[in-house]
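The residues making up each chain are set out below.
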Amino acid sequence: MDERVREHAEVLVEWSARIEAGDDVLVDVAEDAHELGVAVAAKLGEVGANVVTTYGSDELARAYLKAHDGDFEAGDHELALVENADSYLRLGGGRNTTATADVDSETRQAYTRARSDVREARMDTDWVSTVHPTRSLAQQAGMAYEEYQEFVYDAVLRDWESLAERMAKVKEVLDDGSEVRLVTEREDRPSTDITMSIEGRTAVNSAASVAYDSHNLPSGEVFTAPYDTAGEVFFDVPMTINARRVRNVHLVFEDGEVVDFSAEQGEDALQSVLDTDPGARRLGELGIGMNRGIDRFTDNILFDEKMGDTVHMAVGRAYDSNLPDGETGNESAVHVDMITDVSSASRLEVDGEVIQEDGQFWFEG
């Protein structure tokens, strides 16, 4: 086994999920993530955790969804499994990144809505999502397999404490702020000028550990839950949404809701997301990427949204970690991130003060 796989498992169990002896851990292993699964199982055994392993496969999901009549009911057995777990670890991978591309949007939406209780229960655990470098993900990223392995481990195996200290500066500004404005002005693409209220919200210093209310490995972003969104935004980073390629998304907001949208490619996939439920047309997240160990786009949101010189916004569900106790944020069965490059001709303001311009933060010389 590549020693980096064992290092990945160690970071996941010890730094990210903070697993302790006696913890009940549910591990969901994707296709072709077997090697990481073995390393994680060994580490969990060393810690003294109690482990149940499930197999997550897009090909199995496609077979089920294509055969079903579409009248889905949540399974109490799955809900019980998640509700009784202290931690949930998702080891992503996969053989075919577009395995579910031919599942119709109505079936996909119905299945997503039916599993909302399971999804909420999973988010009540100390959950962490990571990914094992597979050949299908390397192909999706347009990289050789060995090159992609280097990319993944450069993003995952890093000094998280040092990055957390840098991101804390941005968190502090967002916590004290009332309104964020993002502006981009470029001749070769539509402009962005969007404002979002953040007063009363708490930003998360997403340093790849549940100790920071952070649930992705790799991570490297600061995010909050905006509301009262107004203006327009152009997302110029290509992405895959529900196994469909989507490019150049333009959203227009009025009174906090998407009132107009377009996409150069994959507009029907975008519309399917926005039509899921009323909350799918409102923002649930504003995130600022700060992981400069991620140096290119790979068409994998786990990495792309954390990349330095990017800002992302998600339509759909807001995270409880951004909300005051007892307050409910935007509710939806979906949470779909979209990314814009802010490396040039851009500025990010908080209460009128520029905190990032052309990708550079105010504290960077």
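Calculation criteria
- Residues numbered from 1 in each chain as written.
- Predicted model: local features only at pLDDT ≥ 70, side-chain atom pairs only at ≥ 80, totals over all residues.
- Heavy atoms only, no water.
- Helix = DSSP H or I, 4+ residues; strand = E, 2+ residues; numbered from the N terminus.
- Polar contact = N/O pair within 3.5 Å; in protein donor to acceptor, adjacent residues only side chain to side chain.
- Pairing = 2+ DSSP bridges.
- Axes fitted to C-alpha atoms, helices over the stretch in contact; angles between N-to-C directions.
- Buried < 20%, exposed > 50% of the residue type's maximum accessible area, 1.4 Å probe, protein only.
- Contact = heavy atoms within 4.5 Å.
- Expected span 1.5 Å × (residues − 1).

Undergrad: Got a minute to help me understand the side chain of N216 in this structure?
TA: With respect to the secondary-structure elements, N216 resides in strand β8 (residues 216-217). Among the polar contacts listed, one links the side chain of N216 to the side chain of K306, at a separation of 3.0 Å.

Undergrad: Explain the sheet that holds strand β9 (residues 221-224) to me, please; I cannot follow it from the model alone.
TA: The pairing of strands in a sheet comes from backbone hydrogen bonds and takes either a parallel or an antiparallel form. Within the open sheet, the five strands sit side by side as β7-β9-β14-β15-β16. Their pairing is antiparallel. The open sheet has two edge strands, β7 (204-206) and β16 (335-341), and neither has a second partner. The mean angle between the axes of side-by-side strands here comes to 25°, regardless of whether they run parallel or antiparallel. As paired elements, β9 and strand β14 (residues 283-289) share four bridges and run antiparallel to each other. Residue pairing in the sheet places V222 in a bridge with I288 of β14.

Undergrad: So what exactly am I meant to see when it comes to the pairing of strand β17 (residues 346-350) here?
TA: Within a regular strand, the side chains alternate between the two sheet faces. Burial within β17 is extensive, with four of its five residues counted as buried. Bridge count between strand β5 (residues 179-184) and β17: five bridges; the pairing is antiparallel. Its bridge partner lying in β17, V183 is registered against R347. The antiparallel hairpin formed by β17 and strand β18 (residues 353-357) contains two residues in its connecting segment, where D351 sits at a positive phi of about 50°.

Undergrad: Is there a simple way to think about the sheet that holds strand β1 (residues 24-30) in this case?
TA: Strands sit in the order β2-β1-β3-β4-β8 across an open sheet of five strands; the sheet is parallel. Because the sheet does not close on itself, it has two edges, and the strands there are β2 (50-56) and β8. Bridge count between β1 and strand β3 (residues 87-92): five bridges; the pairing is parallel. Across the sheet, L26 pairs through a bridge with Y88, a residue of β3. Helix α1 (residues 3-16) contacts β3, β4 (126-131) and β8 of the sheet and is inclined by roughly 160° relative to β4.

Undergrad: Help me out: how do you make sense of α1 in this one?
TA: Helical periodicity: at 3.6 residues per turn, an α-helix aligns residues three or four positions apart in one direction. Taking 1.5 Å as the rise per residue, α1 with 14 residues should run 20 Å; its terminal C-alpha atoms sit 19 Å apart, in good agreement. Listed in full, the buried residues belonging to α1 are V5, H8, A9, V11, L12, V13, W15 and S16. Packing partners of the buried residues in α1 comprise α2 (34-47), β3, β4, α8 (145-156), α9 (160-176) and β8. Taken from the residues just after α1, R18 is the one with a positive phi, measuring 55°.

From the geometry alone we can't say anything about function, so treat these as descriptive.
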